[in-house]
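This is what each chain is made of:
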Amino acid sequence: MYGMVNKAIADLVCSGFGEDKWEEIKAKAAIDIDFFISNESYPDEITYKLVGSASEVLGLPPAKILEVFGEHWVLKTATEGYGDLMDAGGATLPEFLENLPNFHTRIVMMMPRLQPPRFEVSDRTNNSLRLHYHTHRPGLSPFVVGLLRGLATRFDTVIEIKHAAVKDAGAEHDEFVITW
Ligand code: HEM
C-alpha cells in the first residue's frame, strides 16, 4: 500500500497516544523505517504488522484499531490532504455512497500503483442502500465500517450499518446495508 496509509496510522497513534507508543509499536513489529514516504509503495505486510503490533501495545483488538483508523482516514487524512476530492465525492451521505464505485478511479490517476477496493451499490431505497465491498486483501471489513462512520460524521447524518454478508464467514464478498 502507498506510504500514506502507514503515515496515517503513525499520525493516529502519535496524536492519540504519543510518539513513544508509536516507536514501541514499530519496534514490536520489527519495522526499521523512520518515516514513511506518502507516494512510495510498501508491501501490504508492513501495514498488517503495524496494525497487529498496535493492537498488542495499545491493548485493543485489531478490528477496533482498523475501525478507529477508518474514521481517522475520512475525518483527517482525506479531509486535510484531499479536500477537493472529498468535496467532489458528494454533498450528502447518500450521494457520496452512490459515487463510491467511482471514487478511487480519480485517485488511480495520481497514484498509478494503487490497488483500490471495488465498491458496488444495489437495493437503493429512500433511506438505505446495500454496499458491496470487493478486495483481494483479507480482514479489512472493520476498516470499511470505520470509513462509513467517518462519512456519517462528515455529513452529520445518523446511520445504522448492518454487516449483511461476511466474507470471513464464507460469503463471496462483504455486503453492508446502510440506513440513514
Ligand atoms: C481522497 C480520499 C482517499 C484517498 C486519497 C484514498 C487512497 C487510498 C489508498 C492510497 C489506499 C491503499 C491501497 C494501495 O495503496 O494500493 C486506499 C485503500 C482503501 N480505500 Fe481509499 N482513499 C480515499 C478515500 C476512501 C473512501 C472515502 C473510502 C470508502 C468509504 C475508501 C475505501 C478504501 C478501502 C476499503 C481501502 C483498503 C484497501 C482494500 O480494501 O483492498 N477510501 N485508499
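Bear in mind the structure is a predicted one, so any value in this text is a computation, not a measurement.

Novice: Quick question: what am I supposed to make of the overall build of the protein here?
Specialist: If you tally the helices and strands in the protein, you get seven helices and four strands. Traced from its N-terminal end to its C-terminal end, the protein shows the element sequence α-α-α-α-α-α-β-β-α-β-β. Here the protein has a C-alpha radius of gyration of 16 Å; the compact-globule value for 180 residues is 16 Å, and the two agree. Dimensions of the protein, computed from the C-alpha atoms along their principal axes, are close to 50 × 35 × 30 Å. The buried share of the protein, reckoned over its 180 residues, is 44%. Long-range contacts, defined here as pairs at least 24 residues apart, represent 59% of the contacts in the protein between residues at least 6 apart.

Novice: It is not clear to me how the domain arrangement of the protein should be interpreted in this structure. Could you clarify?
Specialist: By a widespread convention, an interface's size corresponds to the accessible area lost as its parts come together. Along its sequence, the protein is organised into domain 1 (3-60) and domain 2 (65-179). Contact residues are listed per partner, giving 15 residues for domain 1 and 15 residues for domain 2. Interface area, domain 1 with domain 2, both sides summed: about 1300 Å², of which 69% is carbon and sulfur. The largest contributions to the domain 1 side of the interface with domain 2 come from M4, L12 and Y48, which together make up 40% of the buried area. The partner of D11 in a salt bridge is K76, with the nearest N and O atoms 3.4 Å apart.

Novice: Got a minute to help me understand the coordination of the iron atom of the ligand in this structure?
Specialist: For a metal bound by four donors in a tetrahedral arrangement, the ideal donor-metal-donor angle is 109.5 degrees, while six donors in an octahedral arrangement ideally sit at 90 or 180 degrees. There is one protein donor for the iron atom of the ligand, namely H104 (NE2), at 2.1 Å. Tracing the backbone shows H104 in helix α6 (residues 93-110).

Novice: It is not clear to me how the packing of aromatic side chains should be interpreted in this structure. Could you clarify?
Specialist: Pairs of aromatic rings are described using the distance from one ring centre to the other and the angle between the two planes. What the rule picks out here adds up to six aromatic pairs. For the ring pair F36 and Y42, a centre distance of 5.1 Å and an interplane angle of 80 degrees mean the geometry is edge-to-face. A single burial state applies to F36 and to Y42, both of which are buried. Judged by centre distance (5.3 Å) and plane angle (40 degrees), the ring pair of F96 and F103 falls under tilted. Through successive ring pairs, a cluster of aromatic residues spans F69, W73 and F143.

Conventions used here
- Residues numbered from 1 in each chain as written.
- Predicted model: local features only at pLDDT ≥ 70, side-chain atom pairs only at ≥ 80, totals over all residues.
- Heavy atoms only, no water.
- Helix = DSSP H or I, 4+ residues; strand = E, 2+ residues; numbered from the N terminus.
- Rg over C-alpha atoms; globule rule 2.2 N^0.38 Å.
- Buried < 20%, exposed > 50% of the residue type's maximum accessible area, 1.4 Å probe, protein only.
- Contact = heavy atoms within 4.5 Å.
- Domains from an automatic or database assignment.
- Buried area = accessible area lost by both parts, 1.4 Å probe.
- Salt bridge = Lys/Arg side-chain N within 4 Å of Asp/Glu carboxyl O.
- Donors = N, O, S within 2.8 Å, 3.2 Å for Na, K, Ca; no water.
- Phe/Tyr/Trp six-rings, centres within 6.5 Å; stacked < 30°, edge-to-face > 60°.

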